[in-house]
Amino acid sequence: QLPAEASAVDQLTNALRRATITATAARTQDAPDQFGLDSARRIELRLAANGVPVVEVAVGRSTDDGLSAFVTRAGDAAVYLVEGLAPADIRADFRDHQALRFTADAATQVAVNLPRNGYTLTKGADEQWLLDGKAANQMEAGGLVRTLSAVRVLDFPSNTATFTPS
């Protein structure tokens, strides 16, 4: 289990809260590809509360204005037009992509070990960065710490990925 990115979860729950069925687009699902509800394109959502399943829906394509989507409910043959919900609201990846868990303001030391040498940045009591005990370039030191605190994971390996050193 990995932590979820709070903003992504908030985006989905807000979209689900504002979603409203505005019309019945079709009484049957005879042409699911017309609505983006074919098995290759639909997004399936299973919602539960306290571990108990509440509803299961499939979300198809967005309308041309991007403000609505075509949706079906499990056990219901109809296709509904749902305003306030679009496939873009449903991210495929909710994992928290923040790689390093710290805020730049909270950092007090950065030790860098290189093959031939290294250095240590330390924040003094006056909030000024020191490089191996001497005054450091504050812009460069602060920039390094901000950059490290902003490092994000671009992609996660699959569960079946293997690493083979070269």
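One can find the structure itself at the top, above this paragraph.
Report follows, based on the coordinates. (Residues numbered from 1 in each chain as written. Predicted model: local features only at pLDDT ≥ 70, side-chain atom pairs only at ≥ 80, totals over all residues. Heavy atoms only, no water.)

## Focus: the overall build of the protein chain
To keep it simple, the criterion reads: Counting from the N terminus, the helices are DSSP H or I runs at least four residues long and the strands are E runs at least two residues long. Each residue is assigned to one of three classes by its accessible area relative to the maximum for its type, calculated with a 1.4 Å probe on protein chains only: buried under 20%, partly exposed between the two thresholds, exposed over 50%. For this analysis, residues touch if any pair of their heavy atoms sits within 4.5 Å. This count recognises Lys and Arg as positive and Asp and Glu as negative, with His and chain-terminal groups excluded. For this purpose, a charge sits on NZ of Lys, CZ of Arg, CG of Asp or CD of Glu.
Helix and strand counts for the protein chain come out as two helices and nine strands. Moving toward the C terminus, one meets the helices and strands of the protein chain in the order α-β-β-β-β-β-β-β-β-β-α. Judged by the C-alpha coordinates and their principal axes, the protein chain covers about 75 × 40 × 35 Å. In the protein chain, buried positions account for 27% of the 166 residues. Long-range pairs, those at least 24 residues apart, make up 49% of the contacts in the protein chain with a sequence separation of at least 6. Charge separation in the protein chain, taken as the distance between the mean sites of 16 positive and 20 negative side-chain charges, equals 3 Å.

## Things to note about the pattern of salt bridges
How we decide: Think of a salt bridge as a Lys or Arg side-chain nitrogen and an Asp or Glu carboxyl oxygen that are within 4 Å of each other.
All told, the structure shown has six salt bridges when counted by the stated rule. Note that R46 and E56 form a salt bridge whose closest N and O atoms lie 3.7 Å from each other. Remark: E56 occurs in strand 3 (residues 52-62) and R46 occurs in strand 2 (residues 43-49); sequence separation between them is ten residues. Judged by relative accessible area, which is 57%, R46 ranks as exposed. Three or more residues joined by partner-sharing salt bridges are found here, namely R42, E44, R46 and E56.

## A word on helix 2 (residues 138-149)
Stated formally: By this rule, a helix spans an expected 1.5 Å times one less than how many residues it contains. N or O atoms within 3.5 Å of each other form a polar contact, as long as, within protein, one can give a hydrogen and the other can take it, and as long as residues adjacent in sequence are counted only when both atoms are side-chain atoms.
The end-to-end C-alpha distance of helix 2, which contains twelve residues, comes to 16 Å, matching closely the 16 Å that a straight helix rising 1.5 Å per residue would cover. Here helix 2 has its buried residues at A141, G142, G143, V145 and S149. Taken together, the buried residues of helix 2 touch strand 6 (109-113), strand 7 (118-123) and strand 8 (129-131). Its side-chain oxygen at 3.0 Å from the backbone nitrogen of M139, N137 defines the N-terminal cap of helix 2.

## Section: the environment of Y80
Counting through the fold element by element, Y80 comes out in strand 5 (residues 79-83). Y80 sits in the buried class, given a relative accessible area of 12%. Taking C-alpha positions, Y80 is 5.2 Å from A25, a pair spaced 55 residues apart along the chain. Residues contacting Y80, with those up to four places away along its chain left out, are I21, A23, T24, A25, A69, F70, V71 and R73.

## Section: helix 1 (residues 6-18)
Filter applied, for reference: Comment: arc refers to directions from the helix axis out to C-beta atoms.
Here helix 1 is 13 residues long and its end C-alpha atoms lie 18 Å apart, about the 18 Å a rise of 1.5 Å per residue gives. The set of residues buried in helix 1 consists of A8, L12 and A15. Taken down its axis, helix 1 places every buried residue within 65° of arc, on the same side. In helix 1, those exposed residues whose orientation departs by more than 90 degrees from the buried face are A6 and R17.

## So, the sheet that holds strand 3
Cut-off, in case you're wondering: By the convention used here, strands pair only if DSSP detects at least 2 bridges between them. Axis geometry follows a simple rule: fit a line to the C-alpha atoms, using only the stretch in contact for helices, then measure angles between N-to-C directions, giving values from 0 to 180 degrees.
An order of 1-5-4-3-2 is seen for the five strands of this open sheet, with the pairing classed as antiparallel. Strands at the two margins of the open sheet, each flanked by one partner only, are strand 1 (20-26) and strand 2. Each strand of the sheet is rotated relative to its neighbour by a mean of 35°, with strand direction disregarded.

## Description of the sheet that holds strand 7
As summarised here, the arrangement of the four strands in space is 6-7-8-9, forming an open sheet in which the pairing is antiparallel. Each edge of the sheet is formed by a strand with only one pairing partner; in this case those strands are strand 6 and strand 9 (134-135). Both strand 8 and strand 9 contribute to a ladder of two bridges, which runs antiparallel. The residue bridging L130 from the neighbouring strand is A135, located in strand 9. Against the sheet, helix 2 touches strand 6, strand 7 and strand 8, its axis set at about 100° to strand 8.

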